[in-house]
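# Coordinate inspection notes
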Amino acid sequence: MLNFENGMIISISENSLKIGPMLISISSGPVPSTSVIIPAKSEELFLKLLSEKISSFLKGICIVTGNFEKPLDNETTKQLMHEIVGEIKQ
């Protein structure tokens with residue numbers, strides 16, 4: 001995680017540090033606007049939800065990239081979301 005005055009960059013990697021699918025969300029109104037920078041084969045919904053949630057919380061920009069070796073199950077997705085959002089709210 002990299003913090004900036006107007007937002008945050010989050011990189012999630014499994015095992016090796018690689019750039020994966022990348023999304024950007026900007027919260028400039030009631031609903032964040034999200035764009036795909038690098039398309040995802042899977043996990044795009046998770047990355048989009050995470051990016052939008054964080055940009056809304058920070059009232060700024062959030063860039064999220066994730067590299068996963070296999071598709072995430074529901075429990076892992078919930079746990080990751082909980083851990084990352086908890087870390088940001090501190």
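Quick look at the structure, then. Owing to the predicted nature of the structure, the values given are computational and were not obtained by experimental measurement.

The rules behind the values
- Residues numbered from 1 in each chain as written.
- Predicted model: local features only at pLDDT ≥ 70, side-chain atom pairs only at ≥ 80, totals over all residues.
- Heavy atoms only, no water.
- Core = buried A, V, L, I, M, F, W, Y, C linked by side-chain atoms within 4.5 Å.
- Buried < 20%, exposed > 50% of the residue type's maximum accessible area, 1.4 Å probe, protein only.
- Helix = DSSP H or I, 4+ residues; strand = E, 2+ residues; numbered from the N terminus.
- Contact = heavy atoms within 4.5 Å.
- Expected span 1.5 Å × (residues − 1).
- Arc of directions from axis to C-beta.
- Polar contact = N/O pair within 3.5 Å; in protein donor to acceptor, adjacent residues only side chain to side chain.

With that settled, the discussion passes to the nonpolar core. I10, I12, F46, L50, I54 and I84 are the most contacted members of the largest nonpolar core, which has 16 residues in total. Within the residue set of this core, elements represented by two or more residues are β2 (7–13), α1 (44–58), β5 (61–67) and α2 (74–89). The contacts of F46, once residues within four sequence positions are left out, are I12, F68, L72, T77, L80 and M81.

This next bit is on α2. Compared with an ideal rise of 1.5 Å per residue, which puts 16 residues at 22 Å, α2 spans 23 Å between its outermost C-alpha atoms and is within 8% of the ideal. By the burial criterion, the buried members of α2 are M81, I84, V85 and I88. Down the axis of α2, the buried side of the element spans an arc of 95°, and every buried residue falls inside it. Away from the buried face of α2 by more than 90 degrees, exposed residues E75 and H82 are located. Elements in contact with the buried residues of α2: β2 and α1. Its side-chain oxygen placed 3.2 Å from the backbone nitrogen of E75, D73 serves as the N-cap of α2.

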